[in-house]
Amino acid sequence: MANKVLRTLIGTALLAMAAIAPAMAQSDEQRVVAITQIVEHPALDAVYQGIRDELEAQGYNDGEQVRIMHESAQGNAAIASQIARKFVGEGPDVIVAIATPSAQTMAAAARQTPVVFSAVTDPVGAKLVKSLKAPGANITGVTDMLPIERHLDLLERVVPDAKRIGTVYNPGEANAVALVELLEERLQARDMELVKAAATKTSEVLGAARSLVGKADAIYLTTDNTVISAVEAVISVGERASIPVFAADTATVGRGAVAALGFDYYDHGRQTGAMVARILEGANPGDMDVESVDTLELFVNPAAAERMGITLSDDLISDAKKVVNSDK
């Protein structure tokens, strides 16, 4: 009798183990992707969404084949460092860092874990990689280096008499400094002057923009995360002082900039997500070239232009991929 009861108990236990085995196997197979971004604003949020959507398109659904962790540093370098330490401690399969400050912090913390950066303008200058071709370490990604020459062509097309171009930037962000240096060089070649205004945090953007009044004929903003997070402050100055504001980021046109020639940051995220999927499937990031986005789209905002004292030509409007009319 005792043997029969024992056999019954053993049989029940084996059945129970068999029932939970598939779930255990699924749990073991679930991959982990940790995503961090330096701050939340439309362009970087679009990158994040693009990454998620591309992973899902390639069969990596959050909560099933993959677990996605996501945290924003809220524009704070100390928080970015905390996130980096936390993510490295979690031991994910891949870490994704959106924007230069987060990428630099993550690259310093994650020596073994594969890292994919996104929305980084100058990955070589930021010391993330030694070369855009086969970086050779544990990090690669997608760059958003701006076509400055084409942006200046657009600016001159809209305001041909502009000679002094103002910009607001964060001198503590490598991405921003690299772009401002390139911008100054290209403006000098056109016999134009760059007027710089520094803002080390979002609360300083308004004051920096105000300092350009009377000194700049137009304002051009790069993809500086500090400035774009508070771009409405620059827009308000442009409207009050009749200084047209141009942007490198098309999402900024919907927030009140006159025009922008840029790429879709959502597509940028999709391209990043495809790189992450390749690493999940066994690719070595050190063997993967840093990628870039080549397709550019023109966004214009005729209503914003009117508020800043200029009128966009019909031919420019007809050339636009998207016409935004943000009437107030």
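The preceding data block contains the structure.
Read on for a plain summary of the structure. (Residues numbered from 1 in each chain as written. Predicted model: local features only at pLDDT ≥ 70, side-chain atom pairs only at ≥ 80, totals over all residues. Heavy atoms only, no water.)

### Looking at the pairing of strand β3 (residues 94-98)
Of all the five residues making up β3, five are buried; the element is thus mostly covered by neighbouring parts of the structure. Covered by surrounding structure in β3 are V94, V96 and I98 together with I95 and A97, the residues of both alternating faces. With five bridges connecting them, strand β1 (residues 31-37) and β3 associate as parallel partners. Of the residues in β3, the one forming a bridge with A34 is I95. The pairing of β3 with strand β4 (residues 115-120) spans four bridges and is classified as parallel. (Buried < 20%, exposed > 50% of the residue type's maximum accessible area, 1.4 Å probe, protein only. Helix = DSSP H or I, 4+ residues; strand = E, 2+ residues; numbered from the N terminus. Pairing = 2+ DSSP bridges.)

### Here we look at the sheet that holds strand β12 (residues 297-300)
The strand order across the open sheet built from seven strands is β7-β6-β8-β9-β10-β12-β13, with neighbouring strands paired in mixed fashion. Here the strands that pair on one side only, and so sit at the sheet edges, are β7 (193-198) and β13 (322-323). Looking at chain direction, strand β8 (residues 218-221) and strand β9 (residues 245-247) are connected through three bridges and run parallel. Across the sheet, the residue bridging to I219 is V245, located in β9. Seen against the sheet, helix α5 (residues 148-158) touches β6 (164-169), β8, β9, β10 (259-262) and β12 and runs at an angle of roughly 155 degrees to β10. (Contact = heavy atoms within 4.5 Å. Axes fitted to C-alpha atoms, helices over the stretch in contact; angles between N-to-C directions.)

### Some remarks on the pattern of salt bridges
Counting across every chain of the model gives 17 salt bridges. One salt bridge connects R164 with D217, and the closest N-O pair in it is separated by 3.3 Å. Here the residue R164 occupies a position in strand β6, and D217 occupies one in the loop between α7 (205-210) and β8, the gap between them amounting to 53 residues. By relative accessible area, which is 29% here, D217 ends up partly exposed. With its nearest N and O atoms 3.3 Å apart, the salt bridge here joins E291 to R278. Residue E291 is found in strand β11 (residues 291-292), and its partner R278 is found in helix α10 (residues 265-280); the two are separated by 13 residues along the sequence. Residue class for E291 comes out partly exposed when judged on its relative accessible area of 23%. (Salt bridge = Lys/Arg side-chain N within 4 Å of Asp/Glu carboxyl O.)

Just distances and angles here, no functional claims.
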